[in-house]
Amino acid sequence: MNIGPLFYVLNPSRYYDSTTSTHLARQVDLCYDGIRGQYCDQVRQITQQTGQRVAWDDARSPFKGTLREYRPGTFSVRNSRPATVYTDVYGRNASATPFPGSIKQYFSGNHAAIYVRGATRDYAANSADQIHAPN
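Residues numbered from 1 in each chain as written. Predicted model: local features only at pLDDT ≥ 70, side-chain atom pairs only at ≥ 80, totals over all residues. Heavy atoms only, no water.

J.: Describe the nonpolar core, and please don't skip the residues or the numbers.
T.: Membership of the largest hydrophobic core is limited to 7 residues, which are Val28, Cys31, Cys40, Val43, Ile46, Val54 and Phe63. Among the elements that make up this core, the one with the highest residue count is helix 2 (residues 38–50) (3 residues). If we ignore the near neighbours within four places in the chain, the residues touching Cys31 are Cys40, Val43, Arg44 and Phe63. (Core = buried A, V, L, I, M, F, W, Y, C linked by side-chain atoms within 4.5 Å. Buried < 20%, exposed > 50% of the residue type's maximum accessible area, 1.4 Å probe, protein only. Helix = DSSP H or I, 4+ residues; strand = E, 2+ residues; numbered from the N terminus. Contact = heavy atoms within 4.5 Å.)

Here it is as structure tokens:
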């Protein structure tokens, strides 16, 4: 059995930059260098309304590191044993032979692979919480 989980941060507040002394740079600063996208559009709109640059730790910045996605990824099972097994009602205690109360289970073929989508969650969905980087 193999599993290949993936974890994403979709709105990171920082990224690696080998040219800086700390090796960190801020996403929000890229918005003022002409980078396109919905988050940068929000940053520029705030600047137009207030006349001030949005700082990396400003609660109004969309780059909070709070929009996260988990994907279990590819789940693969290889079966080199019999294609029929018997388990208890919880899928445990697998056996090649039936036993009292067992459930007969079939595995088709000797290989199955599926991709599981996962879930996305925004930990700053409530703007009243004033969550901002660093979080």
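J.: So what about the state of the cysteines? Which residues, and what values?
T.: The term disulfide refers to a covalent linkage connecting the sulfur atoms of a pair of cysteines. Under the criterion given, the structure shown has 1 disulfide. Disulfide partner of Cys31: Cys40, at an S-S distance of 2.1 Å. With the S-S dihedral at roughly -75°, the linkage between Cys31 and Cys40 falls on the left-handed side. For the pair Cys31 and Cys40, a shared accessibility class is recorded, and that class is buried. (Disulfide = S-S within 2.5 Å.)

J.: Give me the packing of aromatic side chains: which residues, what numbers.
T.: Remark: the centre distance and the inter-plane angle together describe each pair of aromatic rings, the angle taken between the planes. Tallied over the full model, the rule gives 1 aromatic pair. Between Tyr39 and Phe63 the ring centres are 5.5 Å apart and the planes differ by 75°, which places this aromatic pair in the edge-to-face class. A residue pair is termed long-range when its members are at least 10 positions apart, and Tyr39 in helix 2 and Phe63 in the loop between helix 2 and strand 4 (67–78) qualify at 24 residues. On the basis of relative accessibility, which here comes to 25%, the residue Tyr39 falls in the partly exposed class. (Phe/Tyr/Trp six-rings, centres within 6.5 Å; stacked < 30°, edge-to-face > 60°.)

J.: Can you tell me about the pattern of salt bridges, naming the residues and giving the values?
T.: What the rule picks out here adds up to 4 salt bridges. The shortest N-O distance in the salt bridge between Asp58 and Arg60 comes to 2.7 Å. For Asp58, a relative accessible area of 18% translates into the label buried. Here Arg71 ties to Glu69 by a salt bridge, and the two come within 2.6 Å at their closest N and O atoms. In this structure, Arg71 and Glu69 share a single accessibility class: buried. (Salt bridge = Lys/Arg side-chain N within 4 Å of Asp/Glu carboxyl O.)

J.: Help me get a handle on helix 2, residues and values and all.
T.: In a regular helix each residue adds 1.5 Å, so 13 residues correspond to 18 Å; helix 2 covers 19 Å between its end C-alpha atoms and thus fits that length. Listed in full, the buried residues belonging to helix 2 are Cys40, Val43, Ile46 and Thr47. Buried residues along helix 2 cover an arc of 120° about the axis, so they all sit on one side. Among the exposed residues of helix 2, those pointing more than 90 degrees away from its buried face are Gln38, Gln48 and Gln49. Looking one or two residues beyond helix 2, the residue adopting positive phi is Gly51, at roughly 80°. (Expected span 1.5 Å × (residues − 1). Arc of directions from axis to C-beta.)

J.: Before we move on, could you go through the side chain of Ser13 and cite the residues and values that matter?
T.: Counting through the fold element by element, Ser13 comes out in the loop between strand 1 (2–9) and strand 2 (14–16). By relative accessible area, Ser13 is classed as buried at 11%. When sequence neighbours within four positions are dropped, the list of residues in contact with Ser13 reads Ala25, Arg26, Gln27, Phe63, Gly65 and Ala133.

So, to be careful, I would describe these as geometric facts and stop short of saying anything about function.
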